[in-house]
Amino acid sequence: MDPTGARPRIHELDAARGFALCGILVVNIWQITDMRAMVEPATVDPIRHVLSVLFEGRFFPIFSFLFGLSFSLFLDRAAQCGDRPRLVLARRLVVLGVFGLIHHVFQPGEALLPYAIVGLVVLLPAAGLGRWVILLVGLVATVAVPVTIGGGLGLVPGLFLLGLAADRFGLADDLRDRSWRIAVVCALAVPAAAAAGVWEYRTPYSALWTGSVAPVAGLLGALAYLTGFLLFLRTETGEVFAEMLEPMGRMALTNYVSATGLVLAADPWLGLSDSNRYGALLGSAAAIIAVQALWSYYWLRWFRYGPLEWVWRCVTWWQLVPNRLTRQERRKLTVPYGRGR
């Protein structure tokens with residue numbers, strides 16, 4: 001098998017994955033450090049409430065959707081490289097679960113282990129279904145969960161299936177040619193997300209844990225953020241941001257795990273635990289993003305995959321996968337983001 005032979009990378013989706021990581025980090029910091037949400041027994045911290053409306057439940061759905069889409073892309077690659085693609089995918093998910101078990105020790109709310117379990121139980125069997133069936137089941141699951149049991153990890157199966165369906169319908173192959181369709185969805189999603197965000201903000205904080213307000217607002221916000229971001233990438237300024245976010249997205253596993261270590265290492269000096277220092281939270285998030293953006297950019301100047309991505313790939317294919325870029329490959333990296341891609 002040749003695990004390095006694959007469809008060309010979809011750079012906009014890598015950038016979108018990096019964008020989602022940035023938003024997830026803000027929420028993860030207050031979860032990892034157990035920051036206070038309330039300033040008094042019945043009064044939520046106003047800054048925390050605003051940050052919840054802007055970040056909580058908005059970026060996790062994007063990341064989950066992209067995981068399902070990437071699963072489909074990898075399944076196609078595995079089918080081209082060997083005659084047992086489902087075994088390769090199963091091994092890939094098991095390895096992800098092992099990463100998740102280790103990561104869970106340091107961040108109990110982490111997503112890698114649930115992703116691996118849902119991938120094995122839902123995505124792998126669903127890969128053999130027709131695209132319309134996958135789309136219908138994904139839509140039903142994604143809509144039904146907020147109405148019945150709330151949001152959180154319960155949204156993962158439906159979002160995984162929607163990502164799988166998106167690739168089956170060719171979304172990933174001609175994303176650049178779908179600008180007007182993305183614009184239409186964005187134009188509908190933004191006002192809906194804004195209205196839902198106001199609804200969420202005006203709902204008592206304690207009631208958000210049991211109702212459907214937060215997950216519905218989160219899904220609409222995720223749709224608005226994702227479509228808006230994809231349109232933004234088509235601008236000159238967006239290309240600059242893509243240069244920063246795409247390497248982060250390509251090293252999503254490494255950055256997701258390493259962010260936990262950076263937060264835990266910095267917390268004794270920042271004093272975030274059991275506090276409401278949300279200004280310090282935003283500052284630490286910006287610092288971690290800057291460090292990871294630079295680290296990812298320069299690492300991928302010399303290597304094909306991030307450190308954890310490389311280990312993941314080697315075990316997935318059960319062979320030592322070349323990682324060091326050749327001199328000719330490094331020269332190609334001088335092409336600007338928006339040209340020749």
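Residues numbered from 1 in each chain as written. Predicted model: local features only at pLDDT ≥ 70, side-chain atom pairs only at ≥ 80, totals over all residues. Heavy atoms only, no water.

### Considering the overall build of the chain
For clarity, the cut-off: Helix and strand assignments follow DSSP, with helices taken as H or I runs no shorter than four residues and strands as E runs no shorter than two, numbered in order from the N terminus. As a reference, a globule follows 2.2 Å times the number of residues to the power 0.38, and the radius of gyration itself is taken over C-alpha atoms. When checking whether two residues touch, look at their non-hydrogen atoms; a contact exists if any pair is within 4.5 Å. Positive charges come from Lys and Arg, negative ones from Asp and Glu, while His and the chain ends are left out of the count. In this description, the location of a charge corresponds to atom NZ of lysine, CZ of arginine, CG of aspartate or CD of glutamate.
From N to C terminus, the chain includes 14 helices and two strands. Scaling as 2.2 N^0.38, a compact globule of 341 residues should have a C-alpha radius of gyration of about 20 Å, and the chain matches this with 20 Å. In the chain, 78% of the contacts between residues at least 6 apart in sequence involve partners at least 24 apart. Once the 30 positive and 23 negative side-chain charges of the chain are each reduced to a mean point, those two points are 7 Å apart.

### Some points on helix α6 (residues 131–148)
The line we're drawing: Expected span of a helix: the number of residues minus one, times 1.5 Å. Relative accessibility under 20% of the residue-type maximum defines a buried residue, over 50% an exposed one, and the middle range a partly exposed one, all with a 1.4 Å probe and only protein chains included. This arc is built from the directions going out from the helix axis to the C-beta atoms.
Counted at 1.5 Å a residue, the expected span for α6 with its 18 residues is 26 Å, and the 26 Å between its end C-alpha atoms agrees. Those residues of α6 that sit buried are Ile 134, Gly 138, Thr 142, Val 145 and Pro 146. Buried residues of α6, seen end-on, are gathered within an arc of 90° and therefore sit on one face of the element. Facing away from the buried side of α6 by more than 90 degrees, the exposed set consists of Trp 132, Leu 136, Val 143, Val 147 and Thr 148. In this structure, the buried side of α6 is in contact with α5 (112–126), α7 (156–168) and α9 (213–232). Residue Gly 150 follows α6 closely and has a positive phi angle near 95°.

### Side note on the confidence of the model for the chain
Detailed conclusions should not be drawn from predicted coordinates in areas where pLDDT is low. For the record, the criterion: Scored between 0 and 100, pLDDT is the confidence that the predictor attaches to each residue.
Per-residue confidence for the chain gives a mean pLDDT of 89; residues scoring 70 or more make up 94%. When mean pLDDT is compared element by element in the chain, helix α12 (residues 278–299) scores highest at 95, while helix α14 (residues 327–332) scores lowest at 77. Counting contacts from residues 335–341, a segment whose pLDDT is below 50, to residues more than four positions away or on other chains yields 14 contacts.

### Some words on the packing of aromatic side chains
Short version of the rule: A pair of aromatic rings is counted whenever rings of Phe, Tyr or Trp (Trp by its six-membered ring) have centres within 6.5 Å, and the orientation is called stacked for planes under 30 degrees apart, edge-to-face for over 60 and tilted otherwise.
For the structure on display, the rule yields 17 aromatic pairs. Considering the side-chain rings of Trp 132 and Phe 169, the 4.9 Å spacing of their centres and the 85° angle between planes classify their relative orientation as edge-to-face. One end of the pair, Trp 132, is in helix α6; the other, Phe 169, is in the loop between α7 and α8 (179–202), with 37 residues separating them in the sequence. The interplanar angle of 90° and the centroid separation of 5.1 Å between the aromatic rings of Tyr 297 and Tyr 298 together place this pair among those described as edge-to-face. Ring pairing ties together the aromatic residues Phe 19, Phe 55, Phe 59, Tyr 225 and Phe 229, which thus form one cluster.

### Side note on the pattern of salt bridges
How we decide: When a carboxyl oxygen of Asp or Glu is within 4 Å of a side-chain nitrogen of Lys or Arg, the pair counts as a salt bridge.
Evaluation of the coordinates by the stated rule reveals four salt bridges. We note a salt bridge from Arg 17 to Asp 14, for which the minimum N-O separation is 2.8 Å. Of this pair, Arg 17 and Asp 14 are both found in helix α1 (residues 11–32), three residues apart, which corresponds to roughly one turn of the helix. Its salt-bridge partner being Asp 274, residue Arg 36 comes within 3.9 Å of it at the nearest N-O pair. Note that Arg 36 is positioned in the loop between α1 and β1 (38–40) and Asp 274 in the loop between α11 (252–270) and α12, a separation of 238 residues in sequence. You can call Arg 36 partly exposed: its relative accessible area is 36%. In this structure Asp 274 comes out as exposed when scored by relative accessible area, which is 52%.

### A look at the environment of Gln 31
Mapped onto the elements of the fold, Gln 31 is located in helix α1. For the pair formed by Gln 31 and Ala 242, sequence separation is 211 residues and the distance between their alpha carbons is 28 Å.

### Structural notes on the nonpolar core
Which entries qualify depends on this criterion: Residues belong to a common nonpolar core when they are buried Ala, Val, Leu, Ile, Met, Phe, Trp, Tyr or Cys residues joined through side-chain atoms within 4.5 Å.
Ranked by internal contacts, the top residues of the largest apolar core, which has 88 residues, are Leu 25, Trp 30, Ile 62, Phe 71, Leu 96 and Tyr 115. Here this core gets 14 residues from one element, more than from any other, and that element is α1. Not counting residues up to four positions away in its chain, the partners in contact with Tyr 115 are Phe 60, Phe 63, Ser 64, Phe 67, Leu 96, Val 156 and Phe 160. By size, the runner-up hydrophobic cluster in this structure holds six residues, among which are Val 44, Tyr 205, Leu 208 and Ala 214.

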